[in-house]
Amino acid sequence: MTKLEILINGLVKENPTFVLLLGMCPTLGTTSSAINGMSMGLATMAVLICSNFVISALRNLIPDKVHIPCYIVVIAAFVTVVQLVLQAYAPAIYETLGLFIPLIVVNCIVLGRAESFAAKNTPGDSAMDGIGIGLGFTIALTLIGAVREILGTGMIFGVKLYPEEFGALTFVLAPGAFITLGFLVAVFNKVLKK
């Protein structure tokens with residue numbers, strides 16, 4: 001596969017949210033607004049790119065018996081870096097995302113890509129896979145957050161589109177995440193099948 005095919009694969013064919021339905025905890029828990037969804041997606045993408053690159057570079061040095069614990073240590077190191085950077089430079093986002101940032105360590109998207117792609121490919125291809133899967137995840141979370149924010153509060157990225165009293169409170173609450181995800185998965189699958 002070329003680098004462009006690897007990138008497009010993560011955006012479309014293996015989109016972690018709309019096709020593989022992975023990472024549902026942060027997808028449903030952090031997408032109450034577009035900025036929250038985008039922030040969570042970018043944090044996960046940073047971890048994906050870095051951990052894929054390092055795991056791929058070390059793939060021949062890691063014994064088969066301990067590869068999963070080694071992958072988790074690498075991923076945890078990058079999650080800690082992302083967490084500290086957010087805490088220092090974006091404290092409002094850090095407070096909003098809260099517990100979901102450290103949970104990136106056990107996100108099945110990150111560990112799954114380490115196991116299925118980074119462990120079998122070159123560091124360059126693995127970093128490109130991290131970009132593709134990360135962008136797919138970021139776009140999906142931002143889209144879900146944007147739809148929920150527009151329908152629930154009448155705003156997007158802090159810009160008021162219509163008065164808040166016309167918004168549907170359901171979309172701001174947990175059921176809105178499930179409804180929005182269901183409709184967007186259906187639309188994504190309908191578009192892919194054409």
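Structural data are supplied above this passage.
Report on the accompanying structure. Counting restarts for each chain: residues are numbered from 1 in the order of the written sequence. Note on the predicted model: pLDDT of at least 70 is required for a residue's local features to be given, and 80 or more for side-chain atom pairs to be given and counted; whole-chain, interface and lining totals, by contrast, use all residues. For the side-chain quantities, the full set of heavy atoms in the structure was used; hydrogens and water were omitted.

We now examine the overall build of the protein. The helix count covers DSSP runs of H or I at least four residues long, the strand count covers runs of E at least two residues long, and both are numbered beginning at the N terminus. Within the protein, the regular secondary structure consists of eight helices and two strands. The helix and strand sequence of the protein, counted from the amino end, reads α-α-α-α-α-α-α-β-β-α. The globule rule used for comparison is 2.2 Å times the number of residues to the exponent 0.38, while the radius of gyration itself is calculated over C-alpha atoms. Over its C-alpha trace the protein gives a radius of gyration of 17 Å, about what one expects of a compact globule, namely 16 Å for 194 residues. In terms of overall dimensions, the protein has C-alpha extents of about 60 × 45 × 25 Å along its principal axes. Counting contacts in the protein only where the partners sit at least 6 residues apart, residues at least 24 apart contribute 74% of the total. By definition, residues are in contact when any of their heavy atoms lie within 4.5 Å.

Let us look at a nonpolar patch on the surface. The patch calculation keeps residues exceeding 30% relative accessible area without a salt bridge and links them within 9 Å when they carry like charges or within 5 Å when they are nonpolar (Val, Leu, Ile, Met, Phe, Trp, Tyr). Note on areas: these come from Shrake-Rupley sampling with a 1.4 Å probe, and a residue is covered only by the protein chains present in the view. Salt bridge, as used here, is a side-chain nitrogen of Lys or Arg placed within 4 Å of a carboxyl oxygen of Asp or Glu. Together, Val19, Leu20 and Leu192 line one region of the surface with nonpolar side chains, adding up to about 200 Å² of accessible area. Relative to the assigned elements, leucine 192 resides in helix 8 (residues 174–193). Overall, leucine 192 belongs to the partly exposed group, its relative accessible area being 39%. A 1.4 Å probe rolled over the protein chains alone gives each residue an accessible area, and that area as a share of the maximum for its type sets the label: buried under 20%, exposed over 50%, partly exposed in between.

Before going further, it helps to spend a moment on unusual backbone geometry. Although it is not a glycine, leucine 21 adopts a positive phi angle of roughly 55 degrees. With respect to the helices, strands and loops of the structure, leucine 21 is situated in the loop between helix 1 (3–13) and helix 2 (24–29).

Moving on: the nonpolar core. Residues belong to one nonpolar core when they are buried, are Ala, Val, Leu, Ile, Met, Phe, Trp, Tyr or Cys, and are joined through side-chain atoms within 4.5 Å. Judged by nonpolar contacts, the single largest core of 24 residues is most densely connected at Val47, Ile55, Ile75, Val79, Leu86, Ile104 and Val110. At the level of elements, helix 3 (34–58), helix 4 (67–89), helix 5 (91–97), helix 6 (108–116) and helix 7 (123–153) are the ones that each hand at least two residues to this core. Residue contributions to this core peak at six residues, all from helix 4. When residues no more than four places from it in sequence are discounted, the contact partners of isoleucine 104 are Met40, Ala43, Thr44, Val47, Ile75, Val79 and Val110. Residues Leu28, Ile144, Leu184 and Phe188 belong to the second largest nonpolar core, which totals nine residues.

On to the packing of aromatic side chains. Two rings belonging to Phe, Tyr or Trp (six-membered ring only in the last case) form a pair when the distance between their centres is within 6.5 Å. Interplanar angles under 30 degrees mark stacking, angles over 60 mark edge-to-face geometry, and anything in between is tilted. The tally for this structure, following the rule as stated, stands at one aromatic pair. Between the aromatic rings of phenylalanine 18 and phenylalanine 188, the centroid separation amounts to 5.2 Å while the plane-to-plane angle is 35 degrees, which identifies the pairing as tilted. Of this pair, phenylalanine 18 sits in the loop between helix 1 and helix 2 while phenylalanine 188 sits in helix 8, placing them 170 residues apart in sequence. With relative accessibility at 4%, the residue phenylalanine 18 sits in the buried group.

With respect to the helices and strands, serine 51 occurs in helix 3. Contacts of serine 51, omitting those with residues within four sequence positions, involve Val74, Ile75, Phe78 and Val110.

Moving on to the pattern of salt bridges. For the structure shown, the criterion picks out three salt bridges. Of the charged contacts in the structure, one is a salt bridge between arginine 113 and glutamate 14, with a shortest N-O distance of 2.7 Å. Of the two residues, arginine 113 is situated in helix 6 and glutamate 14 in the loop between helix 1 and helix 2; the sequence distance between them amounts to 99 residues. Connected via shared salt-bridge partners are Glu14, Arg113 and Asp129.

Among the secondary structure elements, methionine 38 is positioned in helix 3. Aside from chain neighbours lying at most four places away, what touches methionine 38 is Thr138, Thr142 and Phe157.

Comment: axis = line fitted to C-alpha atoms, over the contacting stretch for helices; angle = value between 0 and 180 degrees taken between N-to-C directions. Orientation of helix 1 relative to helix 7, taken along the N-to-C sense of each, is 30 degrees, at an axis distance of 7 Å. Comparing their axes, helix 7 and helix 1 come out roughly parallel. When you trace helix 1 past helix 7, the crossing you get is right-handed. In this structure, helix 1 uses Lys3, Ile6, Leu7, Gly10 and Leu11 to contact helix 7, whose residues at the interface are Gly124, Asp125, Met128, Asp129, Ile131, Gly132, Ile133, Leu135, Gly136 and Ile139. Should an angle fall under 35 degrees it is called roughly parallel, over 145 degrees roughly antiparallel, and 65 to 115 degrees roughly perpendicular, with every other angle called oblique. Should the near helix be turned counterclockwise from the far one by less than a right angle, the crossing is left-handed, whereas a clockwise turn marks it as right-handed.

This part takes up the side chain of threonine 153. Of note, threonine 153 is situated in helix 7. Side-chain atoms alone can form a polar contact between residues adjacent in sequence; in general such a contact is a pair of N or O atoms within 3.5 Å, and within protein one must be able to donate a hydrogen while the other accepts it. Separated by 2.8 Å, the side chain of threonine 153 and the backbone oxygen of glutamate 149 make a polar contact. Filtering out sequence-adjacent residues up to four positions away, threonine 153 remains in contact with Arg148, Tyr162, Glu164 and Val172.

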